[in-house]
Amino acid sequence: MVLEYNEGRVLNMDIKTLLLVLIPIIVAIISSYLTYFFTVKSRKTEVMLRFKEEKYSNLLVLLQGFVGRTTSGELKKRFFEEQYKSWLYCSDGVVKAINDMVQLVINSRGNTPDAESGRKAVGNIVIEMRKDLLGNTKLTSEDFQYTDVIEG
């Protein structure tokens, strides 16, 4: 291959030499971009996971307002405030599990819901949160139990 410049000078460069120069440069640029891309993606995922973990933790603590002797109107109100916010970041499974529990409360019309149904609803919320955070879990809704602490 012969390349000609404006000034009439001729530069003899074969394709092999050109590729030996260009390929390492191209590979370096591509590998730098990929490293940057995956680093940013990893950090973004890590930040989102921490955010969800904190918010899910808040929701779980506020679930005490619906369970056993810790039932409290104030905790329920705070739970619903957190629930509304959670629509922005919760997985579909978590939203549906919370909705199922809320529907159980609505259906009880002020009476105490069936204890077993309540435990299952709360357990399903925890299961869905674990799936969202961990990807999978072998636990079932029966593996999670709230314990009433009686002062006295």
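Rules and cut-offs
Counting restarts for each chain: residues are numbered from 1 in the order of the written sequence. Only residues with pLDDT of at least 70 get local features here, since the model is predicted, and only at 80 or more are side-chain atom pairs given and counted; chain-wide, interface and lining totals rely on the full set of residues. Here the side-chain values reflect all heavy atoms present in the structure, with hydrogen atoms and water set aside. The numbering of helices and of strands both runs from the N terminus, where a helix is a DSSP run of H or I of at least 4 residues and a strand a run of E of at least 2. The span one expects for a helix is its residue count, reduced by one, times 1.5 Å. Relative accessibility thresholds used throughout: buried, under 20% of the residue-type maximum; exposed, over 50%; partly exposed, between the two (1.4 Å probe, protein chains only). Here, residues are in contact when the closest pair of their heavy atoms is within 4.5 Å. Side-chain rings of Phe, Tyr and Trp (the six-membered ring for Trp) are treated as a pair once their centres are within 6.5 Å; stacked means planes under 30 degrees apart, edge-to-face means over 60, and tilted covers the remaining angles.

A word on helix α1 (residues 15-62). Under the 1.5 Å per step criterion, the end-to-end length of α1 is 69 Å for 48 residues, consistent within 8% with the ideal 70 Å. Residues of α1 that are buried include every one of K52, K55, Y56, L59 and L62, and no others. Residues of α1 that are buried make contact with α2 (73-86), α3 (92-108) and α4 (115-134).

Before going further, it helps to spend a moment on the packing of aromatic side chains. Each pair of aromatic rings is reported with the distance of its centres and the angle of its planes. Tallied over the full model, the rule gives six aromatic pairs. Measuring from centroid to centroid gives 5.2 Å for F37 and F38, while their planes differ by 75 degrees, and the two rings are edge-to-face. When the centroid spacing of 5.7 Å and the interplanar angle of 75 degrees are considered together, the rings of F79 and F80 count as edge-to-face. One aromatic cluster in this structure is built from Y33, F37 and F38.

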